[in-house]
Amino acid sequence: MVLVRRRNVKVFTFAFLLITIMSFLLNYTHQVTTNTWDPRHLIMQFSEQVQKLLKYPKRPCSCRTCISELGRSLWFDQRFNSTMQPFLTSQNALIPEDSYRWWLKLQGEKTPKNINDTLKELFGIIPGDGDPLQERGTFTCRRCAVVGNSGNLRQSQYGQEIDSHDFVLRMNRAPTAGYESDVGSKTTHHFVYPESYKELAENVSMILIPFKTLDLHWVVTALTTGTINFTYVPVPRKIKVKKEKILVYNPVFMKYVYENWLEHHGRYPSTGLLSLMFALHVCDEVNVYGFGADSKGHWHHYWENNASAGAFRKTGVHDGDFEFNLTLTLASIEKISFFKGR
Ligand SMILES: CC(=O)N[C@H]1[C@H]([C@H](O)[C@H](O)CO)O[C@](OP(=O)(O)OC[C@H]2O[C@@H](n3ccc(N)nc3=O)[C@H](O)[C@@H]2O)(C(=O)O)C[C@@H]1O
Ligand SMILES: CC(=O)N[C@@H]1[C@@H](O[C@@H]2O[C@H](CO)[C@H](O)[C@H](O)[C@H]2O)[C@@H](O)[C@@H](CO)O[C@H]1O
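These numbers come from a predicted model, not from an experiment. (Residues numbered from 1 in each chain as written. Chains lettered and ligands numbered in written order. Predicted model: local features only at pLDDT ≥ 70, side-chain atom pairs only at ≥ 80, totals over all residues. Heavy atoms only, no water.)

A.B. asks: It is not clear to me how the side chain of S205 should be interpreted in this structure. Could you clarify?
C.D. replies: Checked against the element boundaries, S205 lands in strand β5 (residues 205–208). The exposure class assigned to S205 is buried, which follows from its relative accessible area of 7%. Not counting chain neighbours up to four residues away, the residues in contact with S205 comprise T188, H189, H190, K245 and L247. (Helix = DSSP H or I, 4+ residues; strand = E, 2+ residues; numbered from the N terminus. Buried < 20%, exposed > 50% of the residue type's maximum accessible area, 1.4 Å probe, protein only. Contact = heavy atoms within 4.5 Å.)

A.B. asks: In this structure, what is going on with the site of ligand 2? I would like to understand it.
C.D. replies: Around ligand 2, a shell composed of Q107, Y193, E195, F211, Y232, R267, Y268, A311, T315, V317 and H318 is seen. Separating an oxygen atom of ligand 2 from a side-chain N or O atom of R267 is a distance of 3.2 Å. When the free accessible area of ligand 2 is taken as 540 Å², the share hidden by the protein chains comes to 74%. For the shell around ligand 2, the residue count by class is 6 nonpolar, 3 polar and 2 charged. (Near = heavy atom within 4 Å. Polar contact = N/O pair within 3.5 Å; in protein donor to acceptor, adjacent residues only side chain to side chain. Areas by Shrake-Rupley, 256 points an atom, 1.4 Å probe, with all protein chains shown as cover. Nonpolar A, V, L, I, M, F, W, Y, C, P; charged D, E, K, R; others polar.)

A.B. asks: Where do I start with the site of ligand 1 in this structure?
C.D. replies: In the vicinity of ligand 1 lie 21 residues, with N172, Y193, T271, H300 and H301 positioned nearest. R173 places a polar side-chain atom, nitrogen or oxygen, 3.5 Å from an oxygen atom of ligand 1. The side chain of H301 places a nitrogen or oxygen atom 2.6 Å from an oxygen atom of ligand 1. With the chains in place, 84% of the 730 Å² that ligand 1 exposes on its own is no longer accessible.

A.B. asks: Could you clarify how one ought to interpret the packing of aromatic side chains in this entry?
C.D. replies: Pairs of aromatic rings are described using the distance from one ring centre to the other and the angle between the two planes. In the structure shown here, the tally under the stated rule is 21 aromatic pairs. Geometrically, the ring pair formed by Y158 and Y289 is edge-to-face, given 5.2 Å between the ring centres and 65 degrees between the ring planes. Remark: Y289 occurs in strand β7 (residues 285–289) and Y158 occurs in the loop between β2 (143–147) and α6 (159–163); sequence separation between them is 131 residues. Here the aromatic cluster, defined as three or more aromatic residues joined through ring pairs, consists of F87, F191, Y249, F253, Y256 and F278. Sitting over the face of the ring of F76, K335 holds its NZ or CZ atom 4.4 Å from the ring centroid. (Phe/Tyr/Trp six-rings, centres within 6.5 Å; stacked < 30°, edge-to-face > 60°. Lys NZ or Arg CZ within 6 Å of the ring centre and 35° of its normal.)

A.B. asks: Quick question: what am I supposed to make of the environment of S185 here?
C.D. replies: In this fold, S185 is placed in the loop between α7 (180–183) and β4 (189–192). Along the sequence, S185 and F278 sit 93 residues apart, while their C-alpha atoms lie 21 Å from each other. Those residues in contact with S185, other than ones at most four positions away along the chain, are D163, R170, T176 and E180.

A.B. asks: Just to check I follow, could you spell out the nonpolar core for this structure?
C.D. replies: Inside soluble globular proteins, nonpolar side chains tend to come together where they are buried. Judged by nonpolar contacts, the single largest core of 75 residues is most densely connected at M206, W218 and Y249. Ranked by the residues each element gives to this core, the list is headed by helix α10 (residues 271–282), at 8 residues. Residues A145, L153, Y158 and W303 belong to the second largest nonpolar core, which totals 11 residues. (Core = buried A, V, L, I, M, F, W, Y, C linked by side-chain atoms within 4.5 Å.)

A.B. asks: It is not clear to me how the pattern of salt bridges should be interpreted in this structure. Could you clarify?
C.D. replies: Between side chains of opposite charge, pairing is possible as soon as their charged atoms come close. Per the stated rule, a full pass over the model turns up 12 salt bridges. Measuring nitrogen to oxygen at the nearest pair gives 3.0 Å for the salt bridge that ties E69 to R59. Highlighted residues: E69 in the loop between α2 (39–55) and α3 (74–79) and R59 in the loop between α2 and α3, separated in sequence by 10 residues. E69 sits in the buried class, given a relative accessible area of 11%. In this structure R59 comes out as buried when scored by relative accessible area, which is 7%. Note that K212 and E195 form a salt bridge whose closest N and O atoms lie 2.9 Å from each other. Taken together, the residues K212 in the loop between β5 and α8 (213–223) and E195 in the loop between β4 and β5 connect sequence positions 17 residues apart. (Salt bridge = Lys/Arg side-chain N within 4 Å of Asp/Glu carboxyl O.)

A.B. asks: How do you make sense of the state of the cysteines when you look at a structure like this?
C.D. replies: Between two cysteines, a covalent bond joining their sulfur atoms is known as a disulfide. For the coordinates displayed, the defined rule picks out 3 disulfides. In this model C61 forms its disulfide with C66; the gap between the sulfur atoms is 2.1 Å. Across the S-S bond of C61 and C66 the torsion is about -100 degrees, and the bridge reads as left-handed. C61 gets classed as buried once you look at its relative accessible area, which sits at 0%. Through a disulfide, C63 is tied to C141; the S-S separation comes to 2.0 Å. Between C63 and C141, the S-S dihedral sits near 105 degrees, and the bridge is therefore right-handed. Of this pair, C63 sits in the loop between α2 and α3 while C141 sits in the loop between α5 (115–125) and β2, and the two are 78 residues apart along the sequence. For C141, a relative accessible area of 24% corresponds to the partly exposed category. Regarding the disulfides, the protein carries the connectivity 1-3, 2-4, 5-6 under sequence-order numbering of its bonded cysteines. (Disulfide = S-S within 2.5 Å.)

Here's what the structure looks like:
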């Protein structure tokens, strides 16, 4: 009797362990979705999962390849720093002195307000707890589309494909209405600075890229008193964005992009490069659309004939050629996919 009970306990324990290990391995890639109870099929799946697990003991995502998996390109591994934090939050709002000094020079602000007071005021109004996009609790494959503003999107018919991503990141004055078949209609995150602000749909997260203290202060006033209406050009006094939807790009991350990736080319990174680098650090798969100058090397737009498209080359604020080559290099090592448009 005791012997039979012991054997039952052993069988039960063995079955329990087998089921636990199997379900762990089957869940490991999230790719096994259909359940068939054919034993041969199960054994094959089991051995496939074991092989993957042995090859990549701690995969960060369930995509075919994950951006943050190192060991594919030395060039990439030497530049990519997964500890860098793309968002400025109330938790990391103490900007180190060297980063602050660098950032302060970007637009040569003459009499900046105290940065700590400004951030305290800002995070007293917006939550400052980062973005759920960054929460990596569940083991998934985050597919992101980064959509630049290039005229090469005209007649591209990329719309549906862009909208199929989990996250769609757009920037500056980029419209979708009227251009859906080429650029899509979905936006989850929109990068702006005061001078490029456009009204956003209610469900879109606004990511402010601050290039000066005044930009941070502008968010405060644009949500309250409406007192700032000019920086180096006129800017909107008020913005219609829910406080919970406002996120802030981290100046420390900006410096990292400038040093590690841009290798000090140009005065500071463009919004396109900042968005792309942001995506590399928060997404598992990144597909890039709307990047590429016209035949004169100017940054033409898909929705307008922008007369000042070449201004950045004259002032040297951005090194468009270096940035473009960087994007192509990332594509050549298959860290991103680049869609060149027309
Ligand atoms: C006159 C001027 O200052 N133009 C700048 C404009 C302007 O301030 C905003 O559009 C205002 O809404 O902003 C910029 O950029 P812009 O808004 O033109 O474009 C966003 C990003 O898309 C990529 N791009 C754009 C056009 C093009 N033909 N090829 C591209 O690759 C680039 O990566 C670019 O960064 C900016 O913020 O970076 C950079 C531009 O130089
Ligand atoms: C064309 C140019 O050099 N304009 C600069 C302006 O640069 C723009 O800054 C934007 C952020 O505020 C964004 O980075 C855009 O891509 C840039 O073209 C600023 O540097 C401004 C500061 O006073 O000076 C203008 O001459």
